[in-house]
Amino acid sequence: MAGKHFKYVIVGGGVAAGYAAREFAKQGVKPGELAIISKEAVAPYERPALSKAYLFPEAPARLPGFHVCVGSGGERLLPEWYSEKGIELILGTEVVKADLASKTLTSAAGAAFNYDTLLIATGSSVIRLTDFGVQGADAKNIFYLRDIDDANKLVEAIKTKKDGKVVIVGGGYIGLELGAVMKINNLDVSMVYPEPWCMPRLFTAGIAAFYEGYYANKGIQIIKGTVAVGFESNAEGEVKAVKLKDGRVLDADIVVVGVGGRPLTTLFKGQVEEEKGGIKTDGFFRTSVPDVYALGDVATFPLKLFNEIRRVEHVDHARKSAEQAVKAIKASEEGKAIDEYDYLPYFYSRSFNLSWQFYGDNVGDTVLFGDNDPASPKPKFGTYWIKDGKVVGVFLEGGTPDENQAIAKVAKLQPSVENVDELSKEGLTFALKI
Ligand code: FDA
Ligand code: NAD
């Protein structure tokens, strides 16, 4: 189908799309060459704000304050920036069909778009309890959080259910960040998750014990080792209680569910090679289809440092993969070569007055160090992961910028460790010496 033609089309208008647009502008894109097609009604923004400052009771973050690229200390790209550069922002437009053979995308309204080069940046969608048939999971006031519309619904619910009871389902990133922000809004918070401790994808039992203790001291009730199996609602269809597998029933005016994400690859199924749930790419984010790139959450890429292919659902990689892909596109047009992506995984989170960073890989034996007493006025502690005699990952709560830089360096350089007891005694000093 003949449609509007662009040299480059980015499908998806999130973090990766915004950083890709900035890189295109840096590399010298001509007016009319680039379009971003996004389901969302607003220009790309820093998604992490949605589970943090966007939900604060005082001075909440609002657009246009957190458009990309302020999250990494860069220029804030307002909608005007795109028009000045001649980059077309096609907002409120969902692509429902992608035909990679004819290089055509079709929107829900039936509009067609053609491209020479496609950048897939569709990110993830949330896993819903209705997906696995949890009874009553379609009741009102059961919320998920992925985009700004979801965040606005939560803001409204926080206002209408003042002093109400919130049940958070899930003990991952969303669970921990939302549990905190709901408490800051003075709501009565309970958290439920199936595992023996929170954030099991990353945290050790020792790390988790600190956060669980800290949350408990803030008055958050934590219920572990069970799941929500059903919801009761009132005559208006609003959720009123959460039924747990262990038989307990929790009163609830608001439920927030964070049970994981799923990369949005459906549009491209059967047309492009996939691996580990994402679209397989090389170190330049080229997919198996010529002229098609995949960035951010959807890309399964070679992680050179660990000699493995991985998918990463975090903002730092969304930004850096976008920049790498655009550099690779421009270099190939000019017959030049660039280095392969050499990524050091970096994850972080903030809640209450806490702030942690993690670099590297969380495999092997662990060494916990520092003051991890949840009642401590200024807790500062961390963990080293050691594999084959080398430090491969480091976690630090409460670090200063210099200390965080030091742990990043350790994860990148992977120094050898001869004596684990010594490392545990040295703690952060070990990283500061590297
Ligand atoms: P992203 O999800 O940002 O963008 C995808 C875009 O594509 C969206 O605009 C979507 O609407 C659009 N889209 C999808 N399908 C489409 C279609 N068919 N047609 C048109 N448009 C389509 N990470 C971190 O390191 N630290 C943090 O603190 C946080 N905090 C955080 C909070 C919350 C609430 C969420 C949901 C996520 C985080 N993350 C995070 C994760 C981080 O935000 C995430 O990894 C990046 O946003 C991924 O960037 P992408 O551009 O790949 O997807
Ligand atoms: P997650 O994978 O971090 O956590 C999912 C959690 O769901 C698991 O830890 C488990 O406790 C729980 N769970 C699974 N099944 C359950 C069930 N039936 N009942 C109750 N709990 C159950 O996913 P998330 O927290 O939903 O986050 C979604 C996405 O957003 C991820 O890509 C994440 O990386 C991203 N995110 C990142 C940050 C950050 O990096 N700071 C912050 C928010 C969101």
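Residues numbered from 1 in each chain as written. Chains lettered and ligands numbered in written order. Predicted model: local features only at pLDDT ≥ 70, side-chain atom pairs only at ≥ 80, totals over all residues.

K.L.:
Can you walk me through the domain arrangement of the protein chain in this structure?
P.N.:
Frequently, the measure chosen for interface size is the accessible area that the parts lose on association. The domain architecture assigned to the protein chain consists of domain 1 (4–125 + 262–334), domain 2 (129–259) and domain 3 (353–433). The straight-line distance from the C-alpha centre of domain 1 to that of domain 2 is 30 Å. Considering only residue class, the side of domain 1 that touches domain 2 consists of six nonpolar, two polar and two charged. (Domains from an automatic or database assignment. Nonpolar A, V, L, I, M, F, W, Y, C, P; charged D, E, K, R; others polar.)

K.L.:
Would you explain the nonpolar core in this entry?
P.N.:
Taken as a class, soluble globular proteins show a tendency for nonpolar side chains to be buried jointly. With 125 residues, the main nonpolar core has Val9, Ala20, Ile120, Val255, Leu295 and Ala325 as its most contacted residues. Other than its neighbours up to four places away in sequence, Ala325 contacts Ala20, Leu119, Phe284, Phe285, Tyr293 and Leu295. (Core = buried A, V, L, I, M, F, W, Y, C linked by C-beta atoms within 7 Å. Buried ≥ 20, exposed ≤ 12 C-beta atoms within 10 Å, placed from the backbone. Contact = placed C-beta atoms within 7 Å.)

K.L.:
How should I be thinking about the environment of Asp147 in this particular structure?
P.N.:
Here Asp147 is to be found in the loop between β8 (142–143) and α3 (148–160). On the basis of neighbour counts, which here come to 21 C-beta atoms within 10 Å, the residue Asp147 falls in the buried class. Considering only alpha carbons, one finds Asp147 and Arg47, 100 residues apart in sequence, at a separation of 7.3 Å. (Helix = DSSP H or I, 4+ residues; strand = E, 2+ residues; numbered from the N terminus.)

K.L.:
Just to check I follow, could you spell out the sheet that holds strand β21 (residues 308–311) for this structure?
P.N.:
Through backbone hydrogen bonds, the strands of a sheet pair up, either in parallel or in antiparallel fashion. Here four strands make up an open sheet; going across it, the order is β17-β18-β20-β21 and the pairing mixed. In this open sheet, the two strands that pair with only one neighbour each are β17 (274–275) and β21. Examined bridge by bridge, strand β20 (residues 299–303) and β21 share four bridges and lie antiparallel to one another. Bridge pairing in β21 places Phe301 opposite Arg310. (Pairing = 2+ DSSP bridges.)

K.L.:
I tried to follow the site of ligand 2 on my own but got confused; where do I start?
P.N.:
Lining the immediate environment of ligand 2, one finds 26 residues, of which Gly172, Tyr173, Ile174, Gly258 and Glu313 sit closest. Looking at the shell around ligand 2, the elements with two or more residues in it are α4 (173–184), β10 (188–193) and β22 (346–351). A class-by-class count of the residues in the shell around ligand 2 yields 11 nonpolar, 11 polar and four charged. Among the domains, domain 1 (4–125 + 262–334) and domain 2 (129–259) are the pair contributing at least three residues each to the shell around ligand 2. (Near = placed C-beta within 6 Å.)

K.L.:
I tried to follow the pairing of β20 on my own but got confused; where do I start?
P.N.:
On a regular strand, each side chain points to the face opposite its neighbour's, so the side chains alternate between the two faces of the sheet. Most of β20 is tucked away, with four of its five residues classed as buried. Bridge count for strand β18 (residues 278–280) against β20 is two bridges, and the pairing is parallel. Looking at β20, one finds that Ile279 is bridged to Ala299. Where β20 hands over to β21, the hairpin turn is made up of four residues, of which Asn307 adopts a positive phi near 50°.

K.L.:
Would you mind going over the pairing of strand β1 (residues 4–11) with me for this structure?
P.N.:
Here β1 runs beside strand β6 (residues 112–120); their pairing, made up of seven bridges, is parallel. Paired with Ile10 across the bridge in β6 is Leu119. Looking at chain direction, β1 and strand β2 (residues 34–37) are connected through four bridges and run parallel. Following the sheet pairing, Ile10 is matched in β2 by Ile36.

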